[in-house]
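Next come the chains, spelled out residue by residue.
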Amino acid sequence: MIFSLKKLVPHLLVIVGFIALSLAYFNPVLKGKKIYQSDIMHYIGMAQQQKEFAKTTGEETYWTNGAFGGMPTYQLGAKYPHNYIKKLDLSLRFLPRPADYLFLYFLGFYLLLLALKVDYKLSALGALAFGFSTYLIIILGVGHNAKAHAIAYMPLVLAGIILTFRKKYIIGFLLTAIALGLEIVANHFQMTYYLLLLVLVLGLTYLIDAYKKKVLPHFFKSVGVLTVATLIAVGLNATNFMATQEYVKSSTRGQSELTINPDGSPKESANGLTNEYITEYSYGLWETFNLFIPKFKGGGNREDVGKESATYKAYINLGASPIEALEASREAPMYWGDQPIVEAPAYVGAVIIFLFVLGLFLVKGRLKWWLVGGTLLSLLLSYGKNLEVLTDFFINVVPLYNKFRAVSSIQVILELCVPVLGVFALVRLFNDFQNNDEKLKYLKYSVLITGGLCITFLLFKSTLFDFEGLRDARYAQAYGQPFVDALIEDRKALFNADTIRTLVLVMLTAGVLYFYLKEKLSEKLVVVIVAILIVFDLVSINRNYVNEDNFRPARLVDNPYQPTEADKEILKDTEHFRVLDMSSLGQSQPGRAAYFHNSLFGYHAAKLGRYNDVLDFYVYRNNMNVLNMLNTKYIIIEEEGQILPYTNREANGNVWFIKGFEIVDNADEEIRALDSVDTKEYALIQKSIFSTNGLKKNYSLDSTSIISLREFKPNYLKYETDNTFDGFAVFSEVYYQPGWISLLDGKEVPHHLVNYVLRGMEVPSGKHTIEFKFEPQVVKTGSTISLASSALLAILICAGLFYKIRHKQEVD
């Protein structure tokens, strides 16, 4: 026991060091400040209604009316019963945000390298290289928390898989089940999908190796163990997994029924996202060198080039004051790559890239090949439309690939693989498998490749590149060609400075390794120096993009929106209605209106597909017929700098009886007819729905008939009706079949899809009570599975510990 504790001490010290580093980098959290993240600000607005509902009632709602006319909360932080893996996740993220995610980066990568039998000192060094990788820090700055969350658990999943293949079946099984459960709970399926691609590369490499070594039974036994672990991990997250799978079919990620675009042109048929949308953010071929030279392509869209820059002087020449010129020069458009928007370069680090190249020579076997395979696959797929043959193959053939956009983000796999191979270059350098002369030869090759690239770029930059950006033509039109010439001059200056910087770091790292091989430096000192170089290399770049300026007082972050006079006026109205915010404030902050009202807009990557169609066809074009149908009682407008509420007295209200139907053949006809149908008198319905449910084409209206909303909550609506004749009511509520049940006098009855996006119900004559309840069966079923999976995992953990203790006693 004493010996075991002694062995744990170095690891505990490393973990304490990770905590200290995480807090040091994000030190404003120690002063009570919080990081301001634009995406999280939008999320706070979107999730405000469900948050307030939970606070008031103590219950969770799985539907919100706050945004996009109404949608499930499955992808808005919904909390599910028996989600014990989430409780474990929260325990691991005990540090203030975003220090918690940085700590997870460090910890997961550290455990991966330990699983690969790397010494704890080099494991810690590798963790620093991974955790401080620029892209991983940048996503914390902008608020891609779910993405960071999922990336942080990737190394831990790989650690479990590798331990299993190393015949550590029990610990490998348990770690894989827990780690993959944590990975899924992060709720960023795109990152998890990319991890799956890397696991397939790893598995293929291990399969080939097992075949060569004639140990296929062990390989398939390991696969079997990992399959069971995967099933348990999925079971732990069953509710979220099942709810998401159910929702995705109705979302913008599912199959659309439309065959036309808003302008009438043919719509690209796709069971998922369109090629154009998927590949909008495609990495440029030359941008590859951003991984090695941070501002090879200028850095980000907004770079601080300072007072000595050509851009500053250009602003002065245009008539700007020194203060105005300085402010503008702090957001100079330096990026000249192929992507529409780039916050910062996806810089992996000059030091670690150099070590990666060295690892290509020093490291042999299956480890090298799955890391190189993962790196190449990640890089090639990130090119998107710049490598159409491969991208189109994956979109059209590989299952689920067409569900995700921003292909450049697959580089997270590369950012994981490169530091692993870089660390193993040091592992091989420090061992005796090769003589020092051979190591010196490979060190020389690595210097020639990496240093040679830097020198080539410095000598031939004007021949190779024009330094012109995608928007330069606009700048020339707005400010004149001399302004663009100034931008190009500064881009060249950044290119030179960072290329020289990378060359210096390469030579310093190579020099340290050279002196080690010449027995002038000890191994421990080399590890310390290389670690310092890595941290300096990455942190000095990262601080340009995420620093103290990103933090605000906690109260401003927790409550990012303050009501305008228009909001205050609308909030006096206690009825149930929707709001369209057309002000500049609402347009720049799409989650803002949802913070205070039931908004037609919002901010989400996967809206309900049909509602999104209505947005594209009509709402964005201010079509009043459709806005009335959606019960848009208030429109927030801006006049002469004042934000004002306009009361729309033509809104249809919450519910109304119609005279009859206009029957259409398909979704195309239905959405086109929304422009002309009088939604107060008639409803559109597809022929298949009309005929299947035995509905009447026309209904009698009585001026004395009443139907009104009496009670409303996000997940519950109650209406009372009193009508002389049988009628058909249209409810201004978004149709979503899975989960919403409708009741007439307490008895469940069907409701139907009408007007492309709304609910409708046949109502018999007389006095009745109608209720809509959102009670998704998927949550009940999923929660039961999660409970069973958690219990099974707990039993297996106890059994595994019992076996290990008993086995150790027998050995002793």
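The following paragraphs examine the structure supplied in this document. Everything numeric here is computed off the predicted structure, so don't read it as measured data.

1. Things to note about the environment of Thr463
Mapped onto the elements of the fold, Thr463 is located in helix 19 (residues 436-464). Residues Thr463 and Asn290, spaced 173 residues apart in sequence, show a C-alpha to C-alpha distance of 19 Å.

2. Digging into the pattern of salt bridges
Using the criterion set out here, one finds 26 salt bridges in the structure. Across the pair Asp558 and Lys34 runs a salt bridge, and its minimum N-O distance is 2.9 Å. A residue pair is termed long-range when its members are at least 10 positions apart, and Asp558 in helix 23 (residues 554-558) and Lys34 in strand 1 (residues 33-35) qualify at 524 residues. Two residues, Lys659 and Glu681, come together in a salt bridge whose shortest N-O distance is 3.1 Å. In this pair, Lys659 is assigned in the loop between strand 8 (655-657) and strand 9 (660-664) and Glu681 in the loop between helix 29 (667-673) and strand 10 (682-686), connecting sequence segments 22 residues apart.

3. Considerations on the side chain of Lys607
For Lys607, the position within the fold is in the loop between helix 26 (592-596) and helix 27 (609-617). In this structure Lys607 is buried but unpaired, with Asp616 as the nearest side chain of opposite charge at 7.1 Å. Non-local contacts of Lys607, meaning those with residues more than four positions away in its chain, are made with Phe68, Tyr247, Ser251, Thr252, Asn612 and Leu615.

4. Observations regarding the pairing of strand 11 (residues 706-713)
Consecutive side chains of a regular strand alternate in pointing toward one face of the sheet and then the other. Bridging between strand 11 and strand 12 (residues 716-723) involves 7 bridges; their strand directions are antiparallel. Each bridged residue has a counterpart across the sheet, and for Ser708 the counterpart in strand 12 is Glu720. A loop of 2 residues connects strand 11 with strand 12, the two strands running antiparallel in sequence.

5. Considerations on empty space enclosed by the protein
For the structure on display, the rule yields 3 cavities of 30 Å³ or more. Considered as a void within the structure, the largest cavity measures approximately 50 Å³ in volume. If you go around the largest cavity, the residues you meet are Tyr80, Pro81, Asn83, Val185, Leu236, Asn237, Thr239, Asn240 and Ser786. Looking at the lining of the largest cavity, its residues break down into 4 nonpolar, 5 polar and no charged.

6. Re helix 6 (residues 134-142)
Of all 9 residues in helix 6, 9 are buried; the element is thus mostly enclosed. All of the buried residues in helix 6 are Thr134, Tyr135, Leu136, Ile137, Ile138, Ile139, Leu140, Gly141 and Val142. With its phi angle positive at about 100°, Gly143 sits one or two positions after the end of helix 6.

7. Here we look at the sheet that holds strand 6 (residues 632-639)
Spatially, the 3 strands line up as an open sheet ordered 5-6-7, and their pairing is mixed. On the outer flanks of this sheet lie strand 5 (578-581) and strand 7 (642-647), each paired with one strand and no other. The average undirected angle you get between the axes of adjacent strands in this sheet is 25°. As paired strands, strand 5 and strand 6 are joined by 4 bridges and run parallel to one another. Looking at the pairing, Val579 lines up with Tyr634 of strand 6.

8. Points about the nonpolar core
Core analysis: the biggest nonpolar cluster contains 162 residues, and Tyr105 and Tyr194 have the highest contact counts within it. Per element, the largest residue contribution to this core is 15 residues, and it comes from helix 18 (residues 411-430). Those residues in contact with Tyr105 that sit more than four places away from it in its chain are Phe130, Gly131, Leu136, Ile139, Leu140, Ala148, Ile151 and Ala152. Counting residues in each nonpolar core, the second largest holds 73 residues, with Met629, Val664, Ala667 and Tyr719 among its members.

9. Notes on the packing of helix 15 (residues 350-362) against helix 19
A pair of packed helices is characterised by two quantities: the angle between their axes and the separation of those axes. Look at helix 15 against helix 19: their axes get within 9 Å of each other, and the N-to-C directions meet at 135°. Between helix 15 and helix 19, the interaxial angle falls into the category oblique. Handedness of the crossing formed by helix 15 with helix 19: right-handed. Each of Phe354, Val357, Leu358, Phe361 and Leu362 in helix 15 lies in contact with helix 19, whose residues at this interface are Lys439, Tyr442, Leu443, Tyr445, Ser446, Val447, Ile449 and Thr450.

10. Quick notes on the layout of surface pockets
The volume enclosed by the second largest pocket comes to roughly 1,400 Å³. Every residue lining the second largest pocket is counted, 32 residues in all, and those nearest its centre are Leu8, His11, Leu111, Ile171 and Leu801. Going through the elements one at a time, helix 1 (2-25), helix 3 (84-92), helix 4 (99-115), helix 7 (145-165), helix 8 (169-185) and helix 31 (777-811) are the ones with two or more residues in the lining of the second largest pocket. The residue makeup of the lining of the second largest pocket, split by class, is 25 nonpolar, 4 polar and 3 charged.

11. A look at the environment of Ala486
Counting through the fold element by element, Ala486 comes out in helix 21 (residues 481-517). Ala486 sits in the buried class, given a relative accessible area of 7%. The contacts of Ala486, once residues within four sequence positions are left out, are Ala310, Thr311 and Ala314.

12. Brief notes about the pairing of strand 10
The element strand 10 is extensively covered by neighbouring structure, given that 4 of its 5 residues are classed as buried. In the sheet, strand 9 pairs with strand 10 via 5 bridges, with the strands oriented parallel. By the bridge assignment, Gly660 is partnered in strand 10 with Tyr682. Running through helix 29, the crossover from strand 9 to the neighbouring parallel element strand 10 is right-handed.

13. Some details on the sheet that holds strand 8
Judged by pairing direction, the sheet is antiparallel, and its 4 strands sit side by side in the order 8-13-17-16 without closing on themselves. Of all strands in the sheet, those bounded by a partner on one side alone are strand 8 and strand 16 (752-754). Each adjacent strand pair in this sheet contributes to an overall mean axis angle of 35°, direction not counted. Looking at chain direction, strand 13 (residues 727-734) and strand 17 (residues 758-763) are connected through 6 bridges and run antiparallel. Opposite Val730, over in strand 17, you have Gly760 as the bridge partner.

Conventions adopted
Residues numbered from 1 in each chain as written. Predicted model: local features only at pLDDT ≥ 70, side-chain atom pairs only at ≥ 80, totals over all residues. Heavy atoms only, no water. Helix = DSSP H or I, 4+ residues; strand = E, 2+ residues; numbered from the N terminus. Salt bridge = Lys/Arg side-chain N within 4 Å of Asp/Glu carboxyl O. Buried < 20%, exposed > 50% of the residue type's maximum accessible area, 1.4 Å probe, protein only. Lys, Arg positive; Asp, Glu negative; His and termini not counted. Contact = heavy atoms within 4.5 Å. Pairing = 2+ DSSP bridges. 1 Å grid on protein atoms, 1.4 Å probe; cavity = no way out; pocket = protein on both sides within 12 Å on 5 of 7 lines; lining within 4 Å. Points joined across faces, edges and corners; volume = space filled by probe spheres on them. Nonpolar A, V, L, I, M, F, W, Y, C, P; charged D, E, K, R; others polar. Axes fitted to C-alpha atoms, helices over the stretch in contact; angles between N-to-C directions. Core = buried A, V, L, I, M, F, W, Y, C linked by side-chain atoms within 4.5 Å. Parallel < 35°, antiparallel > 145°, perpendicular 65-115°, else oblique. Left-handed = near helix turned anticlockwise from the far one by under 90°. Right-handed = clockwise from strand over helix to strand, strands pointing away.

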